[in-house]
Amino acid sequence: IKHLRSAADLDAETATLILDTAAEMATLAGREVKKLPTLRGRTVVNLFYEDSTRTRISFEAAAKRLSADVINFSAKGSSVSKGESLKDTALTLQAMGADAVVIRHPASGAPHRLASWVDGSVVNAGDGTHEHPTQALLDAYTMRSRLGRLDGLRVAIVGDVLHSRVARSNVLLLSTLGAQVTLVGPPTLIPIDVAAGLSGDASRRGDRLVPGEAAGGPSAPAGSAGGDEPRAVSPAAIAGLSGDASRRGDRLVPGGVAGAAGGGPAVSYDLDSVLPDSDVVMMLRVQSERMQDSYFPSAREYSRRYGLDMRRLRRLPEHAIVMHPGPMNRGMEIAPEVADSPRSTIVEQVANGVSARMAVLYLLLGGK
Ligand code: CP
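Owing to the predicted nature of the structure, the values given are computational and were not obtained by experimental measurement.

Undergrad: Looking at this model, I keep getting lost on the overall build of the protein chain. Mind explaining?
TA: A tally of regular secondary structure across the protein chain gives 13 helices and 9 strands. Residues classed as buried in the protein chain amount to 49% of the 368 residues present. Partitioning the contacts of the protein chain with sequence separation of at least 6, the portion at a separation of at least 24 is 75%.

Written as structure tokens, this is what we have:
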């Protein structure tokens, strides 16, 4: 593949190749091989329009460990503040010889738009509430290295699914790799397109973004009025899902777990009932900054119903692990003692992020 815009860009074979390559990268790092010459002479641009700690730093570390030249671009302090468009910014960076552009942007669909403007590879480092495919890869890598497999693994993704690009990419990737996903949260925070599983053709969104443009050349996200600046559109619009395709009401059993008919994830509103049957529980950050249009119970009520505390941790099978993509709201979706417990893989996920991103850059740029 040339780009990684969505977890839907990956079939099982390609995803497994990335995970295997990440494992090799981690093995080399464990043997004190800190730097590989493989991307010498190549340039990776980190183009960040939104704040980031883990993703930005780990992409930088990954590119440097592969000996690439790295240009870090942050919208803050750049000519973006003078009104420069994403397209003009991208063309400027291309003129400086970017072989790959890693982009984080608040508008869902921005990486798809960017891929039509630049010659190099585009890697989505998080676009709006849409996707975060390298987070899903590092999460899958962490699950596989801790539990030995992904096929048949029972993964509960808990909390603010509505605003979570991490959840969307995980649903896609984990389903591709044979895991069984259950989404858990308040009904107002579980969106219809994710509950519908983004399955089948509807998830091949890279091909479906551009009404009116020649095949193979994604440009404007569906629903976009055009122009050079991507604007936020709903992830459902990007996926090309119609209302009918994303019906979820039929498949829900309030208070319990619905069957994952049609290959989509199961949905439950009852965390306590899901925990005993989970191998992995992935807690999501409550995204207060994106909560304007959503009903949200009080922080205390949310924590009481959906927070992972020590009492709930004890309901998990002994082998089960606790994940969180970070940053965390300690005391809201996860208790501090759970985040710091031996069952937690949160710090390990960060370390694995470097290996996973090394693998992505290596494979996209045809490293030797
Ligand atoms: N998980 C994640 O994307 O974290 P950052 O926002 O710090 O990059």
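So that's the structure; there's more coming.
Undergrad: Whenever I open this one, the nonpolar core confuses me. Can you help?
TA: For soluble globular proteins, the rule of thumb is that nonpolar side chains tend to be buried together. Counting 98 residues, the largest nonpolar core has Val101, Val281 and Leu361 as the members making the most contacts within it. With 9 residues, helix α13 (residues 346-364) is the largest single contributor of residues to this core. Here this core spans two domains, and each of domain 1 (7-128 + 350-364) and domain 2 (134-201 + 241-345) adds at least three residues to it. Setting aside anything within four residues of it in sequence, one finds Val281 in contact with Ala156, Val158, Leu275, Leu308, Leu316, Ala320 and Val322.

Undergrad: Help me out: how do you make sense of the UniProt feature "binding site: L-aspartate" (unreviewed entry) in the protein chain in this one?
TA: Feature annotation in UniProt assigns "binding site: L-aspartate" (unreviewed entry) to the following positions: Lys82, Arg165 and Arg285. The named residues occupy 204 residues along the chain; their greatest pairwise C-alpha distance, 32.3 Å, places them well apart from one another. For Lys82, a count of 6 C-beta atoms within 10 Å gives the class exposed. On the basis of neighbour count, Arg285 is assigned to the partly exposed category, with 19 C-beta atoms found within 10 Å. Sequence-distant contacts of Arg285, that is, excluding residues within four places in its chain, are made with Asp160, Pro327, Met328, Asn329 and Glu333.

Undergrad: How should I be thinking about the domain arrangement of the protein chain in this particular structure?
TA: How big an interface is tends to be stated in terms of the accessible area lost upon association of its parts. Taken domain by domain, the protein chain consists of domain 1 (7-128 + 350-364) and domain 2 (134-201 + 241-345). On the side of domain 2, 16 residues touch domain 1, which itself brings 23 residues to the contact. Broken down by secondary-structure element, the contributors of at least two residues to the side of domain 1 that touches domain 2 are α1 (12-30), β4 (121-127) and α13. Of the residues forming the side of domain 1 that touches domain 2, the biggest block, 7 residues, is contributed by α13. A class-by-class count of the residues in the side of domain 1 that touches domain 2 yields 13 nonpolar, 6 polar and 4 charged.

Undergrad: Help me understand the site of the ligand, please; the structure alone is not making it clear to me.
TA: Taken together, the residues surrounding the ligand are Ser52, Thr53, Arg54, Thr55, Gly126, His132, Gln135, Pro325, Gly326 and Pro327. For the shell around the ligand, the residue count by class is 2 nonpolar, 7 polar and 1 charged. Residue assignment places the shell around the ligand across two domains, with domain 1 (7-128 + 350-364) and domain 2 (134-201 + 241-345) each supplying three or more.

Undergrad: Please clarify how helix α5 (residues 133-147) should be interpreted in this entry.
TA: Helical periodicity: at 3.6 residues per turn, an α-helix aligns residues three or four positions apart in one direction. For α5, spanning 15 residues, the distance from its first C-alpha to its last is 21 Å, which sits close to the expected 21 Å at 1.5 Å a residue. The element α5 is largely enclosed, with a buried count of 12 among its 15 residues. Where α5 is concerned, the buried positions are Pro133, Thr134, Gln135, Ala136, Leu137, Leu138, Asp139, Ala140, Tyr141, Thr142, Met143 and Arg144. The inward-facing, buried residues of α5 contact α1, β4, α6 (165-176), β8 (280-283), β9 (321-323) and α13. Looking one or two residues past α5, Gly148 carries a phi angle of roughly 85°, positive in sign.

What counts as what
- Counting from 1, residues in each chain are numbered in the order their sequence is written.
- The predicted origin of the model limits local features to residues at a pLDDT of at least 70 and limits the giving and counting of side-chain atom pairs to 80 or more, whereas totals for whole chains, interfaces and linings rest on all residues.
- Per the convention used, a helix needs a DSSP run of H or I reaching at least four residues, while a strand needs a run of E reaching at least two, with both numbered from the N terminus.
- With C-beta atoms placed from the backbone, a residue counts as buried when 20 or more other C-beta atoms lie within 10 Å of its own, as exposed when 12 or fewer do, and as partly exposed for counts between those limits.
- The contact criterion used is a C-beta to C-beta distance within 7 Å, with each C-beta placed from the backbone.
- The term nonpolar core refers to a set of buried Ala, Val, Leu, Ile, Met, Phe, Trp, Tyr and Cys residues connected through C-beta atoms within 7 Å.
- Each domain span listed reflects an automatic or database assignment of domains.
- UniProt positions are given in the numbering used here, feature names are shortened, and annotations may be inferred rather than shown by experiment.
- Residue polarity is assigned by list, with Asp, Glu, Lys and Arg as charged and Ala, Val, Leu, Ile, Met, Phe, Trp, Tyr, Cys and Pro as nonpolar; anything else, Gly included, falls into the polar class.
- Whether a residue is near a molecule or strand depends on its C-beta atom, placed from the backbone, lying within 6 Å of it.
- The span you would expect from a helix comes to 1.5 Å times its residue count less one.

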